[in-house]
Amino acid sequence: MSLDAKKHERINELFSAYCRGRISRRDFARGAVAIGGLTALQALLTACGPSPAPNAAPTTPPIAAPTTAPNVAPTSAPNAAPTTAAVAPTPVPPGATQLTATQGTSKLAPQNLVYAGGQDAPTIDPSDRTDYSIGALSMQVYDRLFRYEGGWPQPVDPCLCTKYEASPDGKEWTLHLTDKAKFHDGSPVTAEAVQFSINRTLQLQKPQANSLLPIMNAQSVQTPDQYTVKITLTQPYSELPRVLVQGIMNPKLVKDNDGGDNGATWLQNHEAGSGPFTIKSWTVGSAYELEAVPDYWQGWPGGSRLAGFTWKIVRENTSQRIGLISKEFDVADTLSADDLPQVDAQPHLNSAVNYGILTGYTKLNDQKEPTNNADFRHFLAYAFDYEAFKQTVNGYAQILTGVIPQGIPYFDASVGGFKTDLDQAKQFLAKTPWANGGLTLDYVYVTGLSFEKQIGEIWLSQLSKFNINVNLIPKVWPDIVAGCKAPDGAPSMNMIFTGYNVTDQWFFYQWYSPNWDRQTGGDFNTCSFTKDSNFNGLVEKVRATTDETEKKNLYRELQTMIHSQVPDIPIYVQPNILGFSNRVQGYKYFGAISVDFWRLWLDDSKATVKPS
Amino acid sequence: MKLRYYILRRVLLFIPVLIGLSIITFVISHIVPGDPVGLAAGPGATPAQLDTLRRAYGMDKPFPLQYGQYMLNVLHGDVGRSMMSGHSVLDDLRTFFPNTLELVILAMLIALVVGIPLGVVAAVWRDKWPDQLSRIFALGSISVPAFWLAIVLQLVFAMTLNVLPVGGIYDSRSAMPTPHTGFLLVDTLLNGSPAAFGLALQHTILPAITLALGPVAFIVRILRADVLETLNSDWVKMIRANGMPEGVILFKYVLKNSLIATVSVFGFIVGYSLGGSVVIETVFDWPGVGLYAVKSALALDFQPVMGVTLLIGLLFLVVNLATDLTYGVLDPRIRYG
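Residues numbered from 1 in each chain as written. Chains lettered and ligands numbered in written order. Predicted model: local features only at pLDDT ≥ 70, side-chain atom pairs only at ≥ 80, totals over all residues.

1. Things to note about the overall build of chain A
What chain A contains, in helices and strands, is 16 helices and 19 strands. Taken across its 612 residues, chain A has 52% of its residues classed as buried. Long-range contacts, defined here as pairs at least 24 residues apart, represent 70% of the contacts in chain A between residues at least 6 apart. (Helix = DSSP H or I, 4+ residues; strand = E, 2+ residues; numbered from the N terminus. Buried ≥ 20, exposed ≤ 12 C-beta atoms within 10 Å, placed from the backbone. Contact = placed C-beta atoms within 7 Å.)

2. Comments concerning the interface of chain A and chain B
The extent of an interface is frequently quoted as the accessible surface area lost upon association of the parts. Residue-level contacts link 67 residues of chain A with 60 residues of chain B. When residues of the side of chain A that touches chain B are traced back to their parent elements, those giving at least two are helix 1 (3-19), helix 2 (25-48), strand 1 (111-117), strand 8 (277-283), strand 9 (287-292), strand 10 (306-313), helix 7 (317-325) and helix 13 (477-483) of chain A. Tallied by class, residues from the side of chain A that touches chain B come to 28 nonpolar, 27 polar and 12 charged. (Nonpolar A, V, L, I, M, F, W, Y, C, P; charged D, E, K, R; others polar.)

3. Description of helix 13 (residues 289-298) of chain B
Residue and element names in this part refer to chain B. In terms of burial, helix 13 is largely enclosed, as 7 of its 10 residues are buried. Taken residue by residue, helix 13 has V289, G290, L291, Y292, A293, K295 and S296 as its buried positions. Following helix 13 by one or two positions, L300 adopts a phi angle in the positive range, close to 55°.

4. Let's talk about the environment of A:D128
The residue A:D128 is located in the loop between strand 1 and helix 3 (132-141) in this model. Counting along the chain gives 442 residues from A:D128 to A:P570, while the straight-line C-alpha distance between them is 30 Å.

5. Points about the domain arrangement of chain A
Residue and element names in this part refer to chain A. Segmenting chain A into domains produces domain 1 (3-48), domain 2 (111-348 + 582-606) and domain 3 (357-574). In this structure, domain 2 and domain 3 have C-alpha centres spaced 31 Å apart. Each residue belonging to the side of domain 2 that touches domain 3 can be placed in one class, and the counts come to 9 nonpolar, 4 polar and 3 charged. (Domains from an automatic or database assignment.)

6. Here's the deal with the domain arrangement of chain B
All names here are of chain B. Along its sequence, chain B is carved into domain 1 (2-75) and domain 2 (97-330). Here the C-alpha centroids of domain 1 and domain 2 sit 32 Å apart. Taken together, the contact between domain 1 and domain 2 spans 15 residues of the former and 12 residues of the latter. Listed by contribution, the elements that provide at least two residues to the side of domain 1 that touches domain 2 are helix 1 (2-31) and helix 2 (36-41). When residues of the side of domain 1 that touches domain 2 are assigned to their parent elements, the largest contribution, 10 residues, is made by helix 1. Of the residues assigned to the side of domain 1 that touches domain 2, the class counts are 9 nonpolar, 5 polar and 1 charged.

7. A short note on the nonpolar core
Membership of the largest hydrophobic core comes to 220 residues, with the highest contact counts inside it found for A:L113, A:V194, A:L306, A:V331 and B:A200. Per-element tally for this core: the top contributor is helix 9 (residues 194-231) of chain B, with 20 residues. The contacts of B:A200, once residues within four sequence positions are left out, are B:I169, B:Y170, B:L184, B:L185 and B:T188. The next biggest cluster of nonpolar side chains, apart from the first, holds 21 residues, and it includes A:I357, A:I408, A:Y500 and A:F535. (Core = buried A, V, L, I, M, F, W, Y, C linked by C-beta atoms within 7 Å.)

8. Re the packing of helix 15 (residues 533-544) of chain A against helix 16 (residues 548-565) of chain A
Residues and elements named next belong to chain A. Packing of helix 15 against helix 16 brings their axes to within 10 Å, and their N-to-C directions diverge by 150°. It follows from the interaxial angle that helix 15 and helix 16 lie roughly antiparallel. Here the hand of the crossing between helix 15 and helix 16 comes out left-handed. Of the residues in helix 16, those in contact with F535, L538, V539, K541 and V542 of helix 15 are K551, L554, Y555, E557, L558 and M561. Taken together, the residues that form the contact of helix 15 with helix 16 break down as 8 nonpolar, no polar and 3 charged. (Axes fitted to C-alpha atoms, helices over the stretch in contact; angles between N-to-C directions. Parallel < 35°, antiparallel > 145°, perpendicular 65-115°, else oblique. Left-handed = near helix turned anticlockwise from the far one by under 90°.)

9. Considering the pairing of strand 6 (residues 221-225) of chain A
Residues and elements named next belong to chain A. The pairing of strand 6 with strand 7 (residues 228-232) spans 3 bridges and is classified as antiparallel. In the sheet register, V221 faces strand 7, and the bridge partner there is I231. The antiparallel pairing of strand 6 with strand 7 creates a hairpin that spans 2 residues between the two strands. (Pairing = 2+ DSSP bridges.)

10. Examining unusual backbone geometry
That bond from A:W152 to A:P153 is cis: its omega, 0°, falls within 30 degrees of zero. Examined against the element boundaries, A:P153 turns out to sit in the loop between strand 2 (146-147) and strand 3 (157-158). For A:N262, which is not glycine, the phi torsion reads 65° and is therefore positive. In this fold, A:N262 is placed in the loop between helix 6 (251-256) and strand 8. With 17 C-beta atoms packed within 10 Å, A:N262 lands in the partly exposed category. With phi around 55°, B:L300 is a residue other than glycine that occupies positive phi space. Along the chain, B:L300 turns up in the loop between helix 13 and helix 14 (302-330).

11. Observations regarding helix 7 (residues 146-160) of chain B
Counted at 1.5 Å a residue, the expected span for helix 7 of chain B with its 15 residues is 21 Å, and the 20 Å between its end C-alpha atoms agrees. Every buried residue belonging to helix 7 of chain B is among B:L149, B:A150, B:Q154, B:F157 and B:A158, and all of these are buried. Check the buried side of helix 7 of chain B and you find it contacts helix 7 of chain A together with helix 9 and helix 12 (278-283) of chain B. Immediately beyond the C-terminal end of helix 7 of chain B, within one or two residues, lies B:N162, with a positive phi of roughly 55°. (Expected span 1.5 Å × (residues − 1).)

12. Side note on the pairing of strand 7 of chain A
When a strand is regular, its side chains alternate between the sheet's two faces. All names here are of chain A. A one-sided burial pattern is seen for strand 7, the buried positions being V229 and I231 and the unburied ones T228, K230 and T232. In this sheet, strand 7 lies alongside strand 5 (residues 172-177) in antiparallel orientation, the contact comprising 5 bridges. Note that in strand 7 the partner of E172 across the bridge is T232.

13. Some words on the packing of helix 6 (residues 129-143) of chain B against helix 9 of chain B
Residue and element names in this part refer to chain B. At a minimum axis distance of 8 Å, the contact between helix 6 and helix 9 shows a crossing angle of 140°. As the angle between them shows, helix 6 and helix 9 are arranged oblique. Pair helix 6 / helix 9 crosses with left-handed handedness. For the pair helix 6 and helix 9, contact is made by S134, A138, S141 and I142 and by L213, G214, V216, A217, V220 and R221, respectively.

14. Topic: the confidence of the model for chain A
Note that predicted coordinates carrying low pLDDT should not be read in detail. Residue and element names in this part refer to chain A. Chain-level statistics for chain A give a pLDDT mean of 85 and a share of 83% at 70 or above. Note on residues 1-5: pLDDT under 50 across the span, and 3 contacts to partners over four residues away in sequence or across chains. Here residues 36-105 is a poorly scored stretch, pLDDT under 50, and it has 161 contacts once near neighbours within four places are set aside; other chains count. (pLDDT = per-residue confidence, 0-100.)

What follows is the structure in structure tokens.
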């Protein structure tokens, strides 16, 4: 037995004896001090020594290396091939989609990756929240019916569901599951697990259920056989595969740990999934360690794979940059544009700047003067200085060229966006009762968000040219959310960031009036309080249709309507700025802030080779 | 006997203070504008979801009833549940508070070890270069914003010298030590792992130094003034005239008699640091109770806010009591009753 093990055993004995009352507190303290004193002395000497090199073997037991060889073909998933065989995004029966193997050929040993995540993940329950951190971690331990991380715009790739069929009215869906998938306890992932997971999400009514509750109820999911799921929607919905994003849970494990709250407390820091990683340790507010499941049923798509990864919470982008440079982190996910020159100057680092879905709108209150006047809204759209804003963020902003971002399916470039044109602005203002200005608009933004304040300052500067004053009002986020409940309490202008993966949700959540014109009011998405029954009808129609041509036409019509009515001023898409150590391989942008760890691996031979 | 009665009386006084504190916090957290339910339910929540959430947190009931129910739950050991994360507030406090306490203890040790000798030195060498140096150090420490100092320390020690980690409580590339008490440094010792203790200590050094600098400045300046006053008192002149060695005069008599004001300030600093180290916790990603409180307050998550307020309030009371009791140790003329 080693000296450390002996010490550990002695401490445990002491602790146990004290807890059972066999020794006094004083005796316990004496014993602990005697053992701990020597240990502390050793430790102090260690601490005063040089810090271990970031990539050196840790001095405490490292995350265990997998026991199987990294590239051994999985025993349970000979046909795994998620990235090569995509399920067609159309709900028209695509026929059987055969999965093919995508095992890497490299003999690189899997290593652990350290990821500096800008956001905490207070839970990993797949039925709970939709924060980017939770989503990024959850999809590593839970398999979903489909994968969406194959690129940008997001494809719908197979995962647990290998093929599906939809009825022409978009109400009846049949999903066929793979028989290869296994939960981490070895039990098969069956239709019953899918039914349990979706029903649990519906029952808990947490944010993860928000896109399902309007179209499903507890009876919606049926299981005709072990690997077939039938879903009958309460309302037709053609984009079902894109909203079935919840992880599929092992029902037995969740029921065994029910705890009276449907396993909610247990699932905050435990998992019941079948994904490529499993939880090693979960330290709330600090770091989350996950380790790979070497024989993951779907295999590993990259040249190698990770042995595991640690999601370390690093909120400040300055700390993220410092950690990247000092090689403490391999990836950092919320760098600022100001950090990029320093990161890119390092021989061992590279960065990725991509534009996804997080979009900034200045929402205009369409129910209150003066922004209820369509000409006034047009005036605002032409008066804003879009290029000036781009310069304030070092050019790292993609000015919207339409009412939704470019990567979103059915984005129609022919609809166009707005550009600064003060003459046009003047013409529109002349049509309003405020042709000579003389009014003040309230502009509300989130306290502490400098880019939102900068947008407000541009409004202030531009509108002053028309004798219009802007009152910049910083508010905390809950206050802004409360202000968006009803038009009466909402300001004229509200800076809101939003984003959705599914096209219809852009229109449904933002401008579909039944979502705010109700007793409980709206939310921050509906803060323009648009009310147009024709528009509502089109939204309902596009959500129901499964006909691709009709969908395309309807989406064009919807974009045209929003562009012509200008309920909000579409400003820009926020960049997702990530910093990487050069040894990180396999990154693929898919529209999200974070990464898909399943696709990554580390290659030390590339440490000083910048990716092209 | 009088001391016991005094302590008992002070402890009983905790109750009305904590009730008052809870009422004020509860009222403030409920009257500030905001929609915590809408925030927790997320965008696109249905009216039924909003109602369910409102009912689950008792927010459909009249305000006094909500407060009564909350306090009843607290008396049964249930401090509530975060509306945002769903976590039990008690569990969160158990997780975050030891981190803060460990950091504060280390920072206060640094403050005492550095502050007391500097204060004495400054007084003994009044207006000489040691005094001037200590004055510059103290003024600098109190003037420098904590977040700026934290970033500078990160840049120097983590990025340039690469000898200390940039933040967090433990090494990202090592497995977290098995928890026993929640106090990481203690747990690493209980695990019998000096290397793990070393790693944990490395992570504590920069935040502890940043947190300690403000208190050091207070201690130096206050102690200097008090030591000077004591050194000029008649009884010191008398024992000096009797030939008592200067070292004994200074450390046995003068220092002890000069510590009362420092102890008062130190008690306040400890209480303040327990809840107010949020800037340091943010920059160093130290998962402490200050950061937890601010995050909860910004989201109007009132149950964690209440939990933190009651905990910090209780600690303030305990620290104040301990400070008052220390007066008696330092100056036997002080009587309790």
